[in-house]
Amino acid sequence: MEPIEQQAMSPAVIQKIQDRKVIAVLVIQEITDAIPLAKALAAGGVDLIELTLRTPIALDAAKLIMEEVPEITVGLGTVLTVGQVKAAAEIGVAFAVAPGCNPRIISAAKEYGLSFAPGVTTPTDIEMALEQGCRVMKYFPSETSGGMKHLRSMAAPYQYLGLSFIPLGGVNQANAESYLSSPLISAIGGSWIAKSPLIQAQDWGRITENARSIRSLITKINTQ
């Protein structure tokens, strides 16, 4: 493959994701939940989040968390349009991801200097992402696509390129170890840590417990 001049994700962001190993994936409906939610995650040791652009207040919530809970590294998810890429870059989030692989969106992210990971489930997706300079990709939806068995087979022809993946979709505390034990995985995306019903119930204690549980599992795997 020809050399690619510009990578789609900065080395610093890649290192952060690889170090933390888990990204809490969040859907925030009410702006008043943003700060207590972020603090609950941080208290449990999860300081890397993907705040999905599925609600009208998502961008405002991201800005608020960055201002008030600076220990949290904020990324945006469900980034589907060039306008969303521009908005993400303007508020200064660390990274963005999408469920699919759209070359136009990847190109826009590079134009605006926004670290970006597209979603992939097929070799075609991977090759489209590679063409745009992506080396870190979101594997989505992971469980219904075949989990680690599918990912290992799909990624095999490209392993010499040093690709890594962030699985999301059906990943949970029970199966997290099967993903995290693979060298293909940069980090897992965890929507179970702070599911929408927990956020809506303002059950910050349970969210902190969930964060502590996955942090404990990651520590165990790292020491094996």
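Cut-off values and rules
Residues numbered from 1 in each chain as written. Predicted model: local features only at pLDDT ≥ 70, side-chain atom pairs only at ≥ 80, totals over all residues. Heavy atoms only, no water. Pairing = 2+ DSSP bridges. Helix = DSSP H or I, 4+ residues; strand = E, 2+ residues; numbered from the N terminus. Buried < 20%, exposed > 50% of the residue type's maximum accessible area, 1.4 Å probe, protein only. Right-handed = clockwise from strand over helix to strand, strands pointing away.

### Let's talk about the sheet that holds strand β1 (residues 22–26)
Part 1: Spatial ordering of the open sheet is given by β5-β4-β3-β2-β1-β9, a layout of six strands whose pairing is parallel. Each edge of the sheet is formed by a strand with only one pairing partner; in this case those strands are β5 (116–117) and β9 (188–190).
Part 2: By the bridge criterion, five bridges tie strand β2 (residues 48–52) to strand β3 (residues 73–77) in an arrangement that is parallel. By the bridge assignment, leucine 48 is partnered in β3 with threonine 73.

### Observations regarding the pairing of β1
Part 1: Of all five residues that make up β1, five are buried, and the element is covered over most of its length.
Part 2: On β1, burial covers both faces: Val22, Ala24 and Leu26 on one face and Ile23 and Val25 on the other are all buried.
Part 3: Pairing analysis gives three bridges linking β1 to β9, with the strands arranged parallel. Residue pairing across strands places valine 22 opposite isoleucine 188, the latter belonging to β9.
Part 4: As judged from the three bridges shared by β1 and β2, these two strands associate in the parallel manner. Bridge pairing in β2 places valine 25 opposite glutamate 50.
Part 5: Between the parallel pair β1 and β2, the chain is carried across by helix α2 (residues 34–43), and the sense of this crossover is right-handed.

Spatial relationships are all this shows, so hold off on functional conclusions.
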